[in-house]
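Given next are the chains, with one letter for each unit.
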Amino acid sequence: MPDATTQGTAERLALGGGEISIRSGGDGPPLLFLHGGGGAGQWQPAHALLAASHRVIAPDHPGFGESDELPEVEGVDDLVYHYLDVMDRLGLERPAIVGHSFGGWVAAEIAVHSPERVGALVLLSPVGLRLPEHPITDVFFVPPPEIPAMIFHDPSKLPAPDGPPDADMLLAIYRDSTALARYTWSPFMANPKLERRLHRIASPTLVVWAEGDRVVPREHAERYAELIAGARLQTIPECGHALQLERPEEVVAVIGDFLAEVEAEAVAR
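A brief structural summary.

What counts, and at which threshold
Residues numbered from 1 in each chain as written. Predicted model: local features only at pLDDT ≥ 70, side-chain atom pairs only at ≥ 80, totals over all residues. Heavy atoms only, no water. Helix = DSSP H or I, 4+ residues; strand = E, 2+ residues; numbered from the N terminus. Expected span 1.5 Å × (residues − 1). Buried < 20%, exposed > 50% of the residue type's maximum accessible area, 1.4 Å probe, protein only. Arc of directions from axis to C-beta. 1 Å grid on protein atoms, 1.4 Å probe; cavity = no way out; pocket = protein on both sides within 12 Å on 5 of 7 lines; lining within 4 Å. Points joined across faces, edges and corners; volume = space filled by probe spheres on them. Nonpolar A, V, L, I, M, F, W, Y, C, P; charged D, E, K, R; others polar. Phe/Tyr/Trp six-rings, centres within 6.5 Å; stacked < 30°, edge-to-face > 60°. Axes fitted to C-alpha atoms, helices over the stretch in contact; angles between N-to-C directions. Parallel < 35°, antiparallel > 145°, perpendicular 65-115°, else oblique. Contact = heavy atoms within 4.5 Å. Right-handed = clockwise from strand over helix to strand, strands pointing away. Core = buried A, V, L, I, M, F, W, Y, C linked by side-chain atoms within 4.5 Å. Patch = residues over 30% accessible without salt bridge, like charges linked within 9 Å, V, L, I, M, F, W, Y side chains within 5 Å. Areas by Shrake-Rupley, 256 points an atom, 1.4 Å probe, with all protein chains shown as cover. Salt bridge = Lys/Arg side-chain N within 4 Å of Asp/Glu carboxyl O. Lys, Arg positive; Asp, Glu negative; His and termini not counted. Charge placed at Lys NZ, Arg CZ, Asp CG, Glu CD.

1. Concerning helix α9 (residues 248-268)
Phase 1: Here α9 is 21 residues long and its end C-alpha atoms lie 30 Å apart, about the 30 Å a rise of 1.5 Å per residue gives.
Phase 2: Taken together, the buried positions of α9 are occupied by P248, V251, V252, V254, I255, F258, L259 and V262. Buried residues of α9, viewed axially, fall in a sector of 155°; they line one side. Turned more than 90 degrees away from the buried face of α9 sit E249, D257, V267 and A268, all of them exposed.

Shown next, in the form of structure tokens:
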């Protein structure tokens, strides 16, 4: 039997009008990991590395991966309440929340809405801000063969598939893309009100941006770090938008050092 810290343990959680899929592993302080437009239904190397020091909980957003489409979850604002319910059901008190890309946007919205519920916040190349002068790449119009070069600095590091895509894989990709579009299409990848609300975030915050990110311009990471009190900005060199997939060891080291400092300060208080 594979160790759960390495492989993750899958479970279903009945919530609202259906069930969501959650993978978890490790032991220690709780860490809620919110995936981006891709990455649902996976226990990634970054999850396993984080699980060496934390209890990692990695749910699939409603409509993504193996989670049902919950009728009551129609937008990002609904996802905030959804994840507060998930935290309540799982008994997560002030977890660290790590969010990548779209998941970073959701994580920021949770920390804005309920700052007292978040112990630490890590935003990995987050979307969510409306900066017309620095637009997010419209990934919905990128031809599939160009996606690897769009999300990886070095496309050769993209995990090799087990074989040619079958019907189930294509349907899963279509389903995730449809769910992402439902949440982010209008306004595109942003909440125009989020920028003026970021001052509400009270948790220690780390913003991580990949220097080779072709999806999210650096200015978005800088704006998050500027408007969240005390936030830090750290960059990962020679890395693309899917930073926790392309350079999991480096990204997890940055996250781990930050969380260790936050947790040590909490103990000292």
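Structure shown, so let's carry the discussion forward.
2. A short note on empty space enclosed by the protein
Phase 1: Under the defined criterion, the tally for this structure stands at 1 cavity of 30 Å³ or more.
Phase 2: Approximately 40 Å³ is the volume found for the largest cavity.
Phase 3: Lining the largest cavity, in full, are F33, H35, G39, A40, Q42, H47, A58, P59 and D60.
Phase 4: Of the residues that constitute the lining of the largest cavity, the class distribution is 4 nonpolar, 4 polar and 1 charged.

3. Considering the packing of aromatic side chains
Phase 1: Summed over all chains, the structure comprises 7 aromatic pairs.
Phase 2: A centroid spacing of 6.4 Å and a plane angle of 45° characterise the contact between F141 and W185, whose relative ring orientation is tilted. Here the residue F141 occupies a position in the loop between β6 (120-124) and α5 (147-151), and W185 occupies one in the loop between α6 (167-184) and β7 (205-210), the gap between them amounting to 44 residues.
Phase 3: Owing to a relative accessible area of 62%, F141 belongs among the exposed residues under this scheme.

4. Points about the packing of helix α3 (residues 76-90) against helix α4 (residues 102-113)
Phase 1: Running from amino to carboxyl end, α3 crosses α4 at an angle of 70°, the nearest separation of the two axes being 9 Å. One finds that α3 runs roughly perpendicular with respect to α4. Across the interface between the two elements, V76, L79, V80, Y81, Y83 and L84 of α3 pack against F102, W105, V106, E109, I110 and H113 of α4.

5. A short note on the pairing of β6
Phase 1: Extensive coverage of β6 is indicated by the burial of 5 of its 5 residues.
Phase 2: A two-sided burial pattern is seen for β6, the buried positions comprising A120, V122 and L124 on one face and L121 and L123 on the other.
Phase 3: Assessed by its sense of winding, the connection that carries the chain from strand β5 (residues 96-100) through α4 to β6 is right-handed.

6. A few points about the nonpolar core
Phase 1: In terms of nonpolar packing, the biggest core is built from 54 residues, with F102, I110 and Y224 touching the most fellow members.
Phase 2: Apart from residues lying up to four places away in sequence, Y224 is in contact with W105, A108, L123, P126, V127, G128, L129, L194, L198 and V207.
Phase 3: By size, the runner-up hydrophobic cluster in this structure holds 27 residues, among which are A120, L206, A210 and V252.

7. Some points on a negative patch on the surface
Phase 1: Judged by side-chain charge, E72, E74, D77 and D85 come together as a negatively charged surface patch.
Phase 2: Mapped onto the elements, D85 comes out in helix α3.

8. Topic: the pattern of salt bridges
Phase 1: The full count for this structure, using the stated rule, is 11 salt bridges.
Phase 2: Between R23 and E66 there is a salt bridge whose closest N-O contact spans 3.0 Å. Taken together, the positions of R23 in strand β2 (residues 18-25) and E66 in the loop between β4 (55-59) and α3 put the pair 43 residues apart, joining distant regions of the chain.
Phase 3: The exposure class of E66 is partly exposed, given its relative accessible area of 43%.
Phase 4: Put simply, E195 and R223 hold a salt bridge, and the shortest N to O gap is 2.4 Å. Remark: R223 occurs in helix α7 (residues 218-227) and E195 occurs in the loop between α6 and β7; sequence separation between them is 28 residues.
Phase 5: Take E195: its relative accessible area is 23%, and that puts it in the partly exposed class.

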